[in-house]
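# Structural overview
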Amino acid sequence: MKSIIVTGASRGIGRETAEYFLAQGWRVGLIARRADVLVEVDHPNAVRMSCDVTQEAAVDAAFADFGHLDVLFNNAGMFGPQATIDEIALDDWKRVVDVNLTGMFLCARAAFRQMRKQTPQGGRIINNGSISAHTPREGSVCYTTTKHGVSGLTKTLTIDGRAFNIACGQIDIGNARTDLVVNLEKTRAAQGLDPLPSMDVTDVARSVFHMASLPAEANVQTMMVMASKMPHIGRG
């Protein structure tokens, strides 16, 4: 049975992806801070692990307890305050960096360690970047900066993992209908901005599954999946 750990699995993209992999017969480790929400995922192949991805000891223990690992979907993240840089408190900046970069580093490190030592050696790490890793939206300095950092992490893991049969890729997602996007749209509406097109979050889960299901000799280095009418390409 193939295995995957999904971080940020209590809701949104993480929850949908975890349930999709369970439906395909995978063993799925679900990592999130809220144990009370994780228990809602009732499946014999679900391994629920309450863990804060910013805590080194907790992350290392969760991955060690899970055992053999084929794929990590490094998904946990937060948006942070929506404001111009002069209105952002240092503590808010640090909180976003802690989750979006330090948390991803800790989980990638734990997965890399497990994949390197296991038999057969190897595995796959899929980092959740964002369209913001390429094109930011207004008022997103914390989120956008960290997502550019995720791209650097992905590229470095790709190089370092080759000697150990560890592949790494990045999925950049635009406007899946999750609580995060719903809240962003509320803020946009309050600012008098028009709503943006969005897509079903299941289409994201299907895309992650495609990346995860490739044979070891193949890798999707980067994939962008977004609502078709998002104003990402072009002028205006």
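Rules of the game
- For every chain, the first residue of the written sequence is number 1, and numbering continues from 1 onward in sequence order.
- Only residues with pLDDT of 70 or above have their local features reported here, since the model is predicted, and side-chain atom pairs are shown and tallied only from 80 upward, although totals for entire chains, interfaces and linings are computed over all residues.
- Hydrogens and water are ignored here; the side-chain numbers use all heavy atoms of the structure.
- Note on conventions: DSSP H or I runs of at least 4 residues are helices, E runs of at least 2 residues are strands, and numbering of each starts at the N terminus.
- One fewer than the residue count of a helix, multiplied by 1.5 Å, yields its expected span.
- Burial here depends on accessible area, computed with a 1.4 Å probe over protein chains only, as a share of the maximum for the residue type. Under 20% is buried, over 50% is exposed, and the range in between is partly exposed.
- Note that the arc is computed from the directions linking the helix axis to the C-beta atoms.
- Think of a 1 Å grid over just the protein atoms. A cavity is a set of points where a 1.4 Å probe fits yet cannot get out, a pocket is an open set with protein on both sides within 12 Å along at least five of seven lines, and lining residues have an atom within 4 Å of a point.
- Grid points are joined across faces, edges and corners, and a volume is the space filled by probe spheres set on the points.
- The nonpolar class holds Ala, Val, Leu, Ile, Met, Phe, Trp, Tyr, Cys and Pro. Asp, Glu, Lys and Arg form the charged class, and all remaining residues, Gly among them, are polar.
- To qualify as a nonpolar core, a set must consist of buried Ala, Val, Leu, Ile, Met, Phe, Trp, Tyr and Cys residues joined through side-chain atoms within 4.5 Å.
- Two residues form a contact once any of their heavy atoms are found within 4.5 Å.
- The term salt bridge refers to a side-chain nitrogen of Lys or Arg lying within 4 Å of a carboxyl oxygen of Asp or Glu.
- When DSSP finds two or more bridges between two strands, those strands count as paired.

## Concerning helix α6 (residues 179-190)
For α6, with 12 residues, the first-to-last C-alpha span of 17 Å sits near the 16 Å given by 1.5 Å per residue. Every buried residue of α6 is accounted for by Val181, Leu184, Glu185 and Arg188. The buried residues of α6 occupy one face: seen down the axis, they fall within an arc of 100°. Facing away from the buried side of α6, by more than 90 degrees, are the exposed residues Lys186 and Ala190. Just past α6, the residue Gly192 takes up positive phi, approximately 80°.

## Concerning the layout of surface pockets
Taken as a whole, the second largest pocket spans an internal volume of roughly 380 Å³. Lining the second largest pocket we find 24 residues, and of these Gly122, Gly123, Arg124, Asn165 and Ala216 sit closest to its centre. For the lining of the second largest pocket, the secondary-structure elements that each account for two or more residues are β5 (123-128), α5 (141-161) and β6 (166-174). For the lining of the second largest pocket, the element with the highest residue contribution is β6, accounting for 3 residues. Per-class residue counts for the lining of the second largest pocket are 10 nonpolar, 9 polar and 5 charged.

## Observations regarding the nonpolar core
Counting residues in hydrophobic clusters, the biggest one holds 33 residues, and the most contacted among them are Val28 and Ile171. Sorting the residues of this core by element identifies β1 (3-7), α1 (12-23), β2 (27-32), β4 (71-74), β6, α7 (201-213) and β7 (222-226) as the ones contributing at least two each. Of all the elements, α7 adds the most residues to this core, at 6 residues. Setting aside chain neighbours within four positions, we find Val28 in contact with Ile4, Val6, Ala18, Phe21, Leu22, Asn45, Ala46, Val47 and Phe66. With 27 residues, the next largest nonpolar core counts Ala62, Cys107, Ala110 and Ile125 among its residues.

## Things to note about unusual backbone geometry
Here the amide bond leading from Thr119 into Pro120 is cis, since omega sits at -5°, within 30 degrees of zero. Structurally, Pro120 can be placed in the loop between α4 (90-117) and β5. The backbone phi angle of Asn165 is positive, close to 60°, even though this residue is not glycine. Note on placement: Asn165 falls in the loop between α5 and β6. Phi is positive for Asn175, which is not a glycine, with a value near 55°.

## Let's talk about the pattern of salt bridges
Per the counting criterion, the structure on display carries 8 salt bridges. Here Glu19 makes a salt bridge to Arg15, at a shortest N to O gap of 3.0 Å. Of this pair, Glu19 and Arg15 both sit in helix α1, 4 residues apart, which is roughly one turn of that helix. Overall, Arg15 belongs to the buried group, its relative accessible area being 15%. Here Glu56 ties to Arg109 by a salt bridge, and the two come within 2.7 Å at their closest N and O atoms. One end of the pair, Glu56, is in helix α3 (residues 56-66); the other, Arg109, is in helix α4, with 53 residues separating them in the sequence. A relative accessible area of 44% means that Glu56 is categorised as partly exposed. Residues participating in the shared-partner salt-bridge network are Glu56, Asp60, Arg109 and Arg113.

## What about the environment of Pro197?
Mapped onto the fold, Pro197 is located in the loop between α6 and α7. Here Pro197 is in contact with Asn175, Ala227, Lys229, Met230 and Pro231, once residues within four sequence places are set aside.

## Examining the pairing of β7
By the alternation rule, side chains of β7 split into Met223 and Val225, which are all buried, and Thr222, Met224 and Met226, of which none is buried. In the sheet, β6 pairs with β7 via 5 bridges, with the strands oriented parallel. Residue Ile171 lies in a different strand from β7, and its bridge partner there is Met223.

These figures capture arrangement, not role.
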